[in-house]
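Commentary on secondary and tertiary structure
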Amino acid sequence: MIEARQLTKRYGDRLAVDDLTFTVEPGRVTGFLGPNGAGKSTTMRLILGLDRPNSGTATINGRPYAELARPLQVVGALLEARAVHTGRSAYNHLLVLAQTQGLPKRRVGEVLELVGLESVARRRAGTFSLGMGQRLGIAAALLGDPQVLILDEPVNGLDPEGIHWIRTLMKTLAAQGRTIFVSSHLMSEIAITADHLLVIGRGRLIANSSTTEFIERNTTPSVLVVSPGADRLAGLLAGEGARVESSPSDSTTPSPSAEPGAGSSLTVYDMPAAHIGEVAARAGLVLHQLTPQRASLESAFMELTRESVEYAVRSDGSVGSGQDRANTSLSTSAPATSQSGSAEAASADGSSTTEEGSR
Ligand SMILES: Nc1ncnc2c1ncn2[C@@H]1O[C@H](COP(=O)(O)OP(=O)(O)O)[C@@H](O)[C@H]1O
Ligand SMILES: [Mg+2]
């Protein structure tokens, strides 16, 4: 268990961490989410005693890090994956760590196997790919078989296979009763992995809830409808109480002008897909698409943290609105079309359903 109480850290006149109070419970993956510059890494460094708070406290299993007799056996951390002696082999890197912490040599072989690096254990760490370096960092974090694991943006720069591997590992470790605290600046990424979410912006806590709850509270269900009779349908649906937004030149209908009669799309709120289909059938209207979706989590997150994005990026010279800033700063695939949006939302939903089912 990790506990932060009124944790505050200033750098000059900048409040990097602003009065944070939260608990990270064992037995689940807790996602620590916020735009770049929100204070995630600083908070993690404060918990690990690598930085000193101006006020407040952070404890791991009830004690400040500095008071832990055998820290590696209590908490493992992955902060900078590249903090490795490049000339040393993976095996020797871990061996040195084990020896300085009084851990048995066999643990080195065990963690190498756990992260799938046995075959390259004798290779110099400097020759490792980003993904292999990340695995080595996690091996080091797991060396002391700690109950608490702190991972700062562990999936950054990883390929899909590596991302899948880290996700599975975190869930497995949490299921063993460990405390897993993992940061990310990507909502869609963390929603798939985390059971619980702590969201911060500009050093302040914005949300602290289960992932399922967070998704439900911050997304609006809607249905994408594509029909050549979109205009008429929109009127009929509105007449039955739905809220309808039309987007005639939506990218989900490629070049409508080149294809006479192609449907234009509607986004329909407050009415289930089945009902929409029935209204269309009664009016004899053809539907090209009838797709239930959740408003993208990513946009919910951007909305939530809009006021708290640190950098007003104006790389294209334009003076961005808050939303524009959030978009650039989060550097994510903005779910402009329903395609990517619904895929993200679908997987996030899928995982929360499974979580509920397994409880
Ligand atoms: N060592 C430092 N010295 C000065 N400012 C820092 C230092 N570390 C972080 N900051 C500032 O603190 C804020 C939070 O940074 P950080 O914790 O790295 O955010 P995140 O990890 O969420 O991207 C930023 O404004 C950052 O520029
Ligand atoms: Mg960071």
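In short, a report on the structure. (Residues numbered from 1 in each chain as written. Chains lettered and ligands numbered in written order. Predicted model: local features only at pLDDT ≥ 70, side-chain atom pairs only at ≥ 80, totals over all residues.)

Across the 8 residues of helix α1 (residues 40–47), 8 count as buried, placing the element largely inside the fold. Of the residues making up α1, those classed as buried are Lys40, Ser41, Thr42, Thr43, Met44, Arg45, Leu46 and Ile47. A positive backbone phi angle near 70° is found at Gly49, which sits one or two residues after α1. (Buried ≥ 20, exposed ≤ 12 C-beta atoms within 10 Å, placed from the backbone. Helix = DSSP H or I, 4+ residues; strand = E, 2+ residues; numbered from the N terminus.)

Glancing now at the packing of helix α2 (residues 90–100) against helix α3 (residues 106–114). Following both chains from N to C, one finds α2 and α3 inclined at 130°, their axes separated by 9 Å at the closest point. Taken as axis vectors, α2 and α3 run oblique relative to one another. Note on packing geometry: the crossing formed by α2 with α3 is right-handed. Residue-level inspection shows Ala90, Tyr91, Leu94, Leu95 and Ala98 of α2 in contact with α3, the latter providing Arg107, Val108, Val111 and Leu112. Here the contact of α2 with α3 is composed, by residue class, of 8 nonpolar, no polar and 1 charged. (Axes fitted to C-alpha atoms, helices over the stretch in contact; angles between N-to-C directions. Parallel < 35°, antiparallel > 145°, perpendicular 65-115°, else oblique. Left-handed = near helix turned anticlockwise from the far one by under 90°. Contact = placed C-beta atoms within 7 Å. Nonpolar A, V, L, I, M, F, W, Y, C, P; charged D, E, K, R; others polar.)

In the vicinity of ligand 1 there are 12 residues, among which Tyr11, Ala16, Lys40, Ser41 and Thr42 approach most closely. If you list the elements that add at least two residues to the shell around ligand 1, you get β2 (14–24) and α1. When residues of the shell around ligand 1 are assigned to their parent elements, the largest contribution, 3 residues, is made by α1. (Near = placed C-beta within 6 Å.)

Our next topic: the sheet that holds strand β3 (residues 28–33). What the 6 strands build is an open sheet, ordered β5-β6-β7-β3-β8-β9; its pairing is mixed. Taken across any chain shown, the strands that pair with only one partner, and hence form the sheet edges, are β5 (75–78) and β9 (204–210). Shown here is a sheet whose adjacent strand axes are inclined to one another by a mean of 15°, direction ignored. As judged from the 4 bridges shared by strand β6 (residues 148–151) and strand β7 (residues 179–184), these two strands associate in the parallel manner. What sits directly across from Val148, in β7, is Thr179. Helix-sheet contacts for helix α4 (residues 130–142) involve β5 and β6, and the interaxial angle to β5 is about 165°. Taken strand by strand, helix α7 (residues 211–218) contacts β8 (196–201) and β9, and its axis lies near 110° from that of β9. (Pairing = 2+ DSSP bridges.)

Among the 6 residues that make up β3, 6 are buried, leaving the element largely enclosed by the rest of the structure. The pairing of β3 with β7 spans 6 bridges and is parallel. Bridging across to β7, Leu33 finds its partner in Ser184. Relative to β8, β3 is paired through 4 bridges, and the arrangement is parallel. Bridge pairing links Phe32 to Leu198 in β8.

Let us now look at the nonpolar core. Grouped together as the largest cluster of nonpolar side chains are 67 residues, with contacts concentrated most on Leu94, Ala139, Leu143 and Ile150. For this core, the leading source of residues is α4, giving 6 residues. Filtering out sequence-adjacent residues up to four positions away, Ala139 remains in contact with Leu94, Val111, Leu112, Leu114, Val115 and Leu117. The next biggest cluster of nonpolar side chains, apart from the first, holds 14 residues, and it includes Val225, Val226, Ala230 and Ala280. (Core = buried A, V, L, I, M, F, W, Y, C linked by C-beta atoms within 7 Å.)

Along the chain, Tyr65 falls in the loop between β4 (55–60) and β5. With 17 C-beta atoms counted inside 10 Å, the residue Tyr65 sits in the partly exposed group. Along the sequence, Tyr65 and Leu46 sit 19 residues apart, while their C-alpha atoms lie 9.1 Å from each other. The contact partners of Tyr65, leaving out residues within four places of it in the chain, are Ile47, Leu48, Gly49, Ile60 and Pro71.

Turning to unusual backbone geometry, a few remarks are in order. At Asn61, a residue that is not glycine, the phi angle is positive and equals roughly 50°. Mapped onto the secondary structure, Asn61 falls in the loop between β4 and β5. Accessibility expressed as a C-beta count within 10 Å gives 15 for Asn61, which makes it partly exposed.

Moving on, we come to the sheet that holds strand β1 (residues 2–11). Taking strand neighbours across the sheet as the criterion, the 3 strands line up as β2-β1-β4 in an open arrangement whose pairing is antiparallel. Only two strands of the sheet have a single neighbouring strand rather than two, namely β2 and β4. Sheet twist, expressed as the mean angle between neighbouring strand axes with direction ignored, is 20°. Seen against the sheet, α1 touches β1, β2 and β4 and runs at an angle of roughly 120° to β1.

Attention shifts here to the environment of Arg70. Within the secondary structure, Arg70 is located in the loop between β4 and β5. Distance in space between the C-alpha atoms of Arg70 and Gly102 is 8.8 Å, their sequence separation being 32 residues. If near-sequence neighbours (up to four positions away) are discounted, Arg70 is found in contact with Gln101 and Gly144.

All right, on to helix α8 (residues 230–239) then. For α8, the full list of buried residues reads Ala230, Leu233 and Leu237. Relative to the axis of α8, the buried residues are bounded by an arc of 60° and lie together on one face. Facing away from the buried side of α8 by more than 90 degrees, the exposed set consists of Asp231, Gly235 and Gly239. Close packing links the buried residues of α8 with β10 (221–227), β11 (243–247), β12 (264–269) and α9 (273–282). Positive phi appears at Gly241, one or two residues downstream of α8, with a value of about 100°. (Arc of directions from axis to C-beta.)

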